[in-house]
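Listed below are the residues making up each chain.
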Amino acid sequence: MIDREALHINGVVYAGQLDGQGGIVPIEASDIAHCIHPCWLHLDTEHPASSEWLSSSPLIPDPVRESLAGISTRPRVNRIPEGALIILRSINFNTEEYPEELIVLRIYITEKLIVTTRNQPIQAVEEMLDELQKKQGPEDSGSWLVDMCDTLTDHTSEFIEDMHDRIIVLENDLLDQQIPPRGQLSKLRKQLIVLRRYMAPQRDVFARLASEHLPWMGDDDRRRMQDISDRLGRGIDDIDGGIARTAVIADEINWLTAESINRRGYTMSLMAMIFLPTTFLTGLFGVNLGGIPGGNMRFGFSIFCLSLIVLVLGVAIWLKRRKWL
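Worth saying up front: this structure is predicted, and the values here are computed from it rather than measured.

Criteria and cut-off values
Residues numbered from 1 in each chain as written. Predicted model: local features only at pLDDT ≥ 70, side-chain atom pairs only at ≥ 80, totals over all residues. Heavy atoms only, no water. Patch = residues over 30% accessible without salt bridge, like charges linked within 9 Å, V, L, I, M, F, W, Y side chains within 5 Å. Areas by Shrake-Rupley, 256 points an atom, 1.4 Å probe, with all protein chains shown as cover. Salt bridge = Lys/Arg side-chain N within 4 Å of Asp/Glu carboxyl O. Lys, Arg positive; Asp, Glu negative; His and termini not counted. Charge placed at Lys NZ, Arg CZ, Asp CG, Glu CD. Helix = DSSP H or I, 4+ residues; strand = E, 2+ residues; numbered from the N terminus. Pairing = 2+ DSSP bridges. Axes fitted to C-alpha atoms, helices over the stretch in contact; angles between N-to-C directions. Contact = heavy atoms within 4.5 Å. Buried < 20%, exposed > 50% of the residue type's maximum accessible area, 1.4 Å probe, protein only. Arc of directions from axis to C-beta. Polar contact = N/O pair within 3.5 Å; in protein donor to acceptor, adjacent residues only side chain to side chain. Core = buried A, V, L, I, M, F, W, Y, C linked by side-chain atoms within 4.5 Å. Phe/Tyr/Trp six-rings, centres within 6.5 Å; stacked < 30°, edge-to-face > 60°. Lys NZ or Arg CZ within 6 Å of the ring centre and 35° of its normal. Expected span 1.5 Å × (residues − 1).

Asker: How do you make sense of a negative patch on the surface when you look at a structure like this?
Answerer: A cluster of acidic residues, E161, D165, D237 and D238, forms a negative patch on the protein surface. Contributions of two or more residues to the negative patch are made by α5 (141-175) and α7 (219-285). Mapping D237 onto the fold places it in helix α7.

Asker: Would you take a moment to explain the sheet that holds strand β1 (residues 12-18) for this structure?
Answerer: Strand pairing in a sheet is mediated by backbone hydrogen bonds. Such pairs are either parallel or antiparallel. Spatially, seven strands are ordered β2-β1-β3-β7-β6-β5-β4 in an open sheet, and the strand pairing comes out mixed. In this open sheet, the two edge strands, each paired with only one partner strand, are β2 (24-26) and β4 (76-80). Neighbour to neighbour, the strand axes of the sheet diverge by 20 degrees on average, direction disregarded. Both β1 and strand β3 (residues 39-44) contribute to a ladder of five bridges, which runs antiparallel. By the bridge assignment, Q17 is partnered in β3 with C39. Relative to the sheet, helix α6 (residues 184-211) contacts β4 and β5 (83-90), its axis offset from that of β5 by approximately 150 degrees.

Asker: Please clarify how helix α4 (residues 123-133) should be interpreted in this entry.
Answerer: Because an α-helix completes one turn every 3.6 residues, residues spaced three or four positions apart along the sequence face the same direction. Listed as buried for α4 are A124, V125, M128, L129 and L132. Looking down the long axis of α4, one finds its buried residues gathered within 135 degrees of arc, a one-sided arrangement. K135 sits one or two positions beyond α4 and adopts a positive phi of about 60 degrees.

Asker: Quick question: what am I supposed to make of the side chain of R89 here?
Answerer: Checked against the element boundaries, R89 lands in strand β5. A distance of 2.7 Å separates a polar side-chain atom of R89 from the backbone oxygen of L102. Apart from the residues within four sequence positions on either side, R89 is in contact with T73, P75, L102, I103, V104, L152, Y198, M199 and Q202.

Asker: Could you clarify how one ought to interpret the environment of L102 in this entry?
Answerer: Assignment of secondary structure puts L102 in the loop between β5 and β6 (103-109). Through-space distance from the C-alpha of L102 to that of S90 is 5.4 Å; in sequence the pair is twelve residues apart. Setting aside residues up to four positions removed in sequence, L102 forms contacts with R89, S90, I91, L195, Y198 and M199.

Asker: Is there a simple way to think about a nonpolar patch on the surface in this case?
Answerer: Where nonpolar side chains cluster on the molecular surface, the patch consists of L306, I309, V310, L313 and I317 and spans about 500 Å² of accessible area. Relative to the elements of secondary structure, I317 occurs in helix α8 (residues 300-321).

Asker: What exactly am I supposed to notice about the nonpolar core here?
Answerer: Nonpolar side chains tend to gather and get buried jointly when the protein is soluble and globular. Core analysis: the biggest nonpolar cluster contains 56 residues, and W40, I86, I109, W144, L145, L195 and M225 have the highest contact counts within it. When residues in this core are grouped by element, the largest group, twelve residues, is from α5. Beyond its immediate chain neighbours, meaning those up to four positions away, I86 contacts R76, V77, L105, R106, I107, I109, L145, V205 and L209. In this structure, C39, W53, L54 and V115 belong to the second largest nonpolar core, which totals 17 residues.

Asker: I'm lost on the pairing of β1 in this one. Help?
Answerer: Each regular strand displays side chains that alternate between the two surfaces of the sheet. For β1, the buried fraction is high: five of the seven residues fall into the buried class. Relative to β2, β1 is paired through three bridges, and the arrangement is antiparallel. Looking at the pairing, L18 lines up with I24 of β2. In textbook terms, the turn of a hairpin is the stretch between consecutive antiparallel strands, and for β1 and β2 this stretch comprises five residues, one of which, G20, has a positive phi near 80 degrees.

Asker: Mind showing me how you'd approach the packing of aromatic side chains here?
Answerer: The relation between two aromatic rings is expressed through the spacing of the ring centres and the mutual angle of the planes. In this structure the tally under the stated criterion is one aromatic pair. A ring pair is formed by W40 and W144, whose centres lie 5.2 Å apart and whose planes are at 70 degrees; its orientation type is edge-to-face. A residue pair is termed long-range when its members are at least 10 positions apart, and W40 in strand β3 and W144 in helix α5 qualify at 104 residues. Among the residues examined, W144 registers a relative accessible area of 0% and is labelled buried. Taking the ring centre of Y198 as reference, the NZ or CZ of R89 above it sits at 4.1 Å.

Asker: How should I be thinking about α5 in this particular structure?
Answerer: The end-to-end C-alpha separation of α5 is 51 Å, in line with the 51 Å expected for 35 residues at 1.5 Å each. Residue D140 occupies the N-cap position of α5, its side-chain oxygen lying 3.4 Å from the main-chain nitrogen of G142. Where α5 terminates, the next one or two residues include Q177, which has phi positive at roughly 65 degrees.

Asker: Please clarify how the environment of M273 should be interpreted in this entry.
Answerer: If you trace the backbone, M273 turns up in helix α7. Once the C-alpha coordinates of M273 and L319 are considered, the two residues, 46 residues apart in sequence, prove to be 9.3 Å apart.

Asker: Whenever I open this one, the pattern of salt bridges confuses me. Can you help?
Answerer: A pair can form between side chains of opposite charge whenever their charged atoms are brought close. Per the stated rule, a full pass over the model turns up 15 salt bridges. Here R118 ties to D44 by a salt bridge, and the two come within 3.4 Å at their closest N and O atoms. Taken as a pair, R118 in strand β7 (residues 113-118) and D44 in strand β3 lie far apart in primary sequence, 74 residues in all. The exposure class assigned to R118 is buried, which follows from its relative accessible area of 10%. A salt bridge links D130 to K134; the shortest N-O distance between them is 3.2 Å. One continuous salt-bridge network, built from bridges that share partners, spans R79, R208 and E212.

In short, shape yes, function no, at least from these values alone.
Laid out in structure tokens, this is it:
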């Protein structure tokens, strides 16, 4: 069993012991946790007491202390004799502006002890605690790990589906010749690329956990983990498709922008062509020299203006027949 001194942490977010029936029992400072079922400690690495406990507790092996304290960020799994160190990434639901800034969840897990650390609240952990408090959660370390990976993957799939819907909206807008606001497409592409960067190694982590013969994971746990890996793999394929589609959208936006500029330039050129003869004539008749035709006529200016109108209409009709207008 693990005595109360080993589990006493001032900065713990949550400390409990699975009851083997889908529930969890909080560990108080005066309790003694028996090793029949695993204990779960969830820590905040920003709290000094948690960092101190991670660096000094005899329950944590030396090779994983720094990683649990917040050094590692890329998804990976390291198997050690006592258990396994697993680094995973979660969608950031704490802000709507930067969900692609994935939160790191660090896990040290053995048959009788689960230690997780984070520096921001993670919705998957909150959901896991809620299920355990309803006695609908995992019963042992293996099922706890599978359920946690499953929940993280569900959140990732939902986020990918949301980005898929946003891409469809952009595509439909382009069909209506509507260019999206500046920065909207680049933000979406950034989210896709960042998610692709971290979800690919996370899928490999799940695949390795499915193939590793960890003593506290049963065959059913490994099969479920392989299903999670396959599901995340399909999500990554959707991310790759989304990246390709946003590239097509960017090309389409560039084409529409260039076409709009060319159309405006073409219109201005035609306008200049239409008024070029009138500009020549007004310049010629404005030299203020003697001998200008009609200079002494009473209606000379009116006749000149009428001639300019006829000339403009004639040039416009000629451009229309040439199909330049």
